[in-house]
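# Examining the three-dimensional arrangement
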Amino acid sequence: MNVINQVLVLFFLIAIGYGARKLRAIHDGAIGHFSSFVLNISLPALILVSLQRPFSRELLGEAGLTLGLSFMIYGFSFLLAGLYPFIVPLSRKERGVHRYALIFSNVGFMGYPVVEAILGQKALFYLAIYNIPFNFLAFSIGAWLIAREGERPLLLSWKTFINPSVIATLLGFLLFLGSVKLPGPLYQTLKMTGDITSPLSMIVIGAILGKMPLRSVLGTWQRYGTTLVRLLLLPAAVGFLLYSAGFRGLFFILPTLVTAMPVAANTSILAEVYGADAESASSLVFISTLFCIITIPLVALTLGV
């Protein structure tokens, strides 16, 4: 019941954002500004604060293990996404969007709130480490996957791998290695800013869903198939592989739970930017976010948390 209650809180926040957009209390321009604030200000602040832990060799080893597991799971996801269009028939324009949806879950807008609600604030340290590959790949290799099937190509450079979340993670990890504690006023400022991330992220998701026309959301069976794989089959496969390899506790629960998040909210943004199938992208975000209200508690209860 605790898990269900926590997810219901997040759902109600999404409903507030959805209603605010429908009532035009939040306009489309504001959604972009709120999204930018979360991605560039509040989320990096949350990452930096979550990495404020005193150094220990044990914690360093656990951070290394978390990062290694993350890279392996992303490698598995890339492999599955590469094979997916050969299993499920997709048009050329759809392929990049569906591949991106399978590789990248909503770890920014939804991952942090859900993990904090279910596993507690201490788990955010491990989540910040786990999300390093996402922060490096989502707007670089991931964006390239969408762009190569779209109308506007993307040229990769070192700049595409750098963003505020990457900088915050690297800075926070360096502070952790040196056991450097931020000054009290600065820590409290960053903490208060980071605390905005969870409610504002959910409201932004609701507002994004609120601006999607219903006719473009109730799409093809392929979109529901990809949603099923994203929300249930992929986390089941990850959980099975981790459990079979002998992982238990946080190193089993965290990767499985993060894999069960819905399609990344920025999928539709990238599809729009690079002239790919923005309608399919928006539909995948909407459908997966809607169904995750049921599937996340189901996954959490299956994991025993």
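Conventions and cut-offs
Residues numbered from 1 in each chain as written. Predicted model: local features only at pLDDT ≥ 70, side-chain atom pairs only at ≥ 80, totals over all residues. Heavy atoms only, no water. Phe/Tyr/Trp six-rings, centres within 6.5 Å; stacked < 30°, edge-to-face > 60°. Helix = DSSP H or I, 4+ residues; strand = E, 2+ residues; numbered from the N terminus. Buried < 20%, exposed > 50% of the residue type's maximum accessible area, 1.4 Å probe, protein only. Contact = heavy atoms within 4.5 Å. Axes fitted to C-alpha atoms, helices over the stretch in contact; angles between N-to-C directions. Parallel < 35°, antiparallel > 145°, perpendicular 65-115°, else oblique. Left-handed = near helix turned anticlockwise from the far one by under 90°. Nonpolar A, V, L, I, M, F, W, Y, C, P; charged D, E, K, R; others polar. Core = buried A, V, L, I, M, F, W, Y, C linked by side-chain atoms within 4.5 Å. Salt bridge = Lys/Arg side-chain N within 4 Å of Asp/Glu carboxyl O.

Here the structure, examined in full by the defined rule, presents 11 aromatic pairs. Ring geometry for Y74 and F104: centres 6.0 Å apart, planes at 40°, overall tilted. With Y74 in helix 3 (residues 57-87) and F104 in the loop between helix 4 (92-103) and helix 5 (107-119), this residue pair connects regions lying 30 residues apart in the sequence. Accessibility expressed as a relative area gives 5% for Y74, which makes it buried. Measuring from centroid to centroid gives 5.3 Å for F125 and Y126, while their planes differ by 85°, and the two rings are edge-to-face. Classification of F125 as buried rests on a relative accessible area of 0%.

So, on to helix 15 (residues 266-273). What helix 15 keeps buried is the set N266, T267, S268, L270 and A271. Among the structural elements, helix 4, helix 7 (132-137), helix 8 (141-147) and helix 16 (278-303) are those in contact with the buried residues of helix 15. Just beyond helix 15, the residue with positive phi is G275, at close to 70°.

This part covers the environment of L154. By the secondary structure assignment, L154 is in the loop between helix 8 and helix 9 (164-177). Spatially, the C-alpha atoms of L154 and G246 are 40 Å apart, while their sequence positions differ by 92 residues. The residues contacting L154, other than those within four sequence positions of it, are S140, A143, W144, A147 and Y274.

The next point concerns the packing of helix 5 against helix 6 (residues 123-130). At a closest axis distance of 9 Å, the pairing of helix 5 and helix 6 adopts a crossing angle of 150°. Classified by the interaxial angle, the pair formed by helix 5 and helix 6 is roughly antiparallel. You can see that helix 5 and helix 6 cross each other, and the crossing is right-handed. Contacts between helix 5 and helix 6 involve G111, Y112, V115, E116 and L119 from the first element and A123, L124, L127 and A128 from the second. Class assignment for the residues of the contact of helix 5 with helix 6 results in 7 nonpolar, 1 polar and 1 charged.

Once that is clear, we can look at the nonpolar core. It is characteristic of soluble globular proteins that their nonpolar side chains tend to be buried jointly. Within the largest apolar cluster, 92 residues are counted, with the highest numbers of intra-cluster contacts made by F104, M110, Y112, V115 and I296. Those residues in contact with Y112 that sit more than four places away from it in its chain are L43, L46, I47, V107, L124, L127, A128 and N131. In terms of nonpolar packing, the next biggest core, distinct from the first, is built from 6 residues, L48, V49, L175 and L182 among them.

Before going further, it helps to examine the pattern of salt bridges. Applying the stated criterion to the full structure yields 2 salt bridges. Between R21 and D28 there is a salt bridge whose closest N-O contact spans 2.7 Å. Using a relative accessible area of 40% as the deciding quantity, one classes D28 as partly exposed. The partner of D195 in a salt bridge is K191, with the nearest N and O atoms 3.2 Å apart. Taken together, the residues D195 and K191, both in helix 10 (residues 184-195) and 4 residues apart, mark about one turn of the helix. In this structure K191 comes out as partly exposed when scored by relative accessible area, which is 24%.

Located in the positive-phi region is R24, a residue other than glycine, with phi close to 65°. The residue R24 is located in the loop between helix 1 (2-22) and helix 2 (28-50) in this model. Although it is not a glycine, S179 sits at a positive phi angle of roughly 50°. Examined against the element boundaries, S179 turns out to sit in the loop between helix 9 and helix 10. Its relative accessible area of 41% is what places S179 among the partly exposed residues.

The topology assignment puts G111 in helix 5. Along the chain, G111 and S198 lie 87 residues apart, while their C-alpha atoms are 9.2 Å from each other. Contact partners of G111, with chain neighbours within four places excluded, come to N106, L127 and M261.

What is shown is where atoms sit, not what they do.
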